[in-house]
Amino acid sequence: MAAFVSTLILARSGQTRSALCYTPLRMTASQASDMSESNAGTPQAWFQKTITLKARPRGCHLITSEVLNNLPELRNYNVGLCNIFIQHTSASLTINENASPDVPIDMESSLNRIVPEDPKLYTHLDEGLDDMPAHVKTSLMGFSLMIPITRGRLALGTWQGIWLNEHRDHGGSRRIVVTIQGA
């Protein structure tokens, strides 16, 4: 089993604790043996890169290919973690279905019902009617992803893809910072 140390902050006391956590990795005994032999004695390596994504219209967009095309370094990691962080407050990241083109349309419609663009609901209107709802949607959807790396690939499920959720009418290009730790 793989182990990692996680830092926990106790909410009421403010104390910090470290916990050793074990996470099982689903693979055959042969694959596990190959992986442990190939990583034996290999130091952990860190890598970081900023990727500028092309501008997209408002909506939910599958960006897995664009991320992978800009990340050939991923092949150098047999096992690890990939963090993808968006440097914006009006766009978000999530993992969702990569097959049906209807899912992103339905997701955008759902987000618009949950967080309507109604100027009577917000006091922050300086940057346009779509700005404050975009901030709320970003907080709901999230600004970063943590994806396992297995044998030089992101360990996404069969139907999973990385989405950029553009919450502004004209958001422009977006920057993501990709940080990899692994061996």
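Read on for an overview of the structure. (Residues numbered from 1 in each chain as written. Predicted model: local features only at pLDDT ≥ 70, side-chain atom pairs only at ≥ 80, totals over all residues. Heavy atoms only, no water.)

1. Here's the deal with the pattern of salt bridges
Side chains that differ in charge, positive against negative, can pair when their charged atoms come close. In the structure shown here, the tally under the stated rule is eight salt bridges. The closest approach of N and O atoms between Arg-58 and Glu-117, which form a salt bridge, is 2.4 Å. Of this pair, Arg-58 sits in the loop between β3 (45-53) and β4 (59-62) while Glu-117 sits in the loop between α3 (102-114) and α4 (131-141); the two residues are 59 residues apart in sequence, bridging distant segments of the chain. Across the pair Arg-168 and Asp-131 runs a salt bridge, and its minimum N-O distance is 3.0 Å. Of this pair, Arg-168 sits in the loop between β9 (160-166) and β10 (174-182) while Asp-131 sits in helix α4, placing them 37 residues apart in sequence. When sorted by exposure, Arg-168 lands in the same class as Asp-131, which is buried. Counted as one network, the salt bridges with shared partners bring together Arg-58, Glu-108, Glu-117 and Asp-169. (Salt bridge = Lys/Arg side-chain N within 4 Å of Asp/Glu carboxyl O. Helix = DSSP H or I, 4+ residues; strand = E, 2+ residues; numbered from the N terminus. Buried < 20%, exposed > 50% of the residue type's maximum accessible area, 1.4 Å probe, protein only.)

2. Describing the side chain of Glu-166
Among the secondary structure elements, Glu-166 is positioned in strand β9. For Glu-166, a relative accessible area of 0% corresponds to the buried category. A distance of 3.0 Å separates the side chain of Glu-166 from the backbone nitrogen of Arg-168, its partner in a polar contact. A polar atom in the side chain of Glu-166 sits 2.8 Å from the side chain of Arg-174. Apart from residues lying up to four places away in sequence, Glu-166 is in contact with Arg-56, Pro-57, Arg-58, Gly-59, His-61, Ser-90, Ala-91, Glu-108, Gly-171, Gly-172 and Arg-174. (Polar contact = N/O pair within 3.5 Å; in protein donor to acceptor, adjacent residues only side chain to side chain. Contact = heavy atoms within 4.5 Å.)

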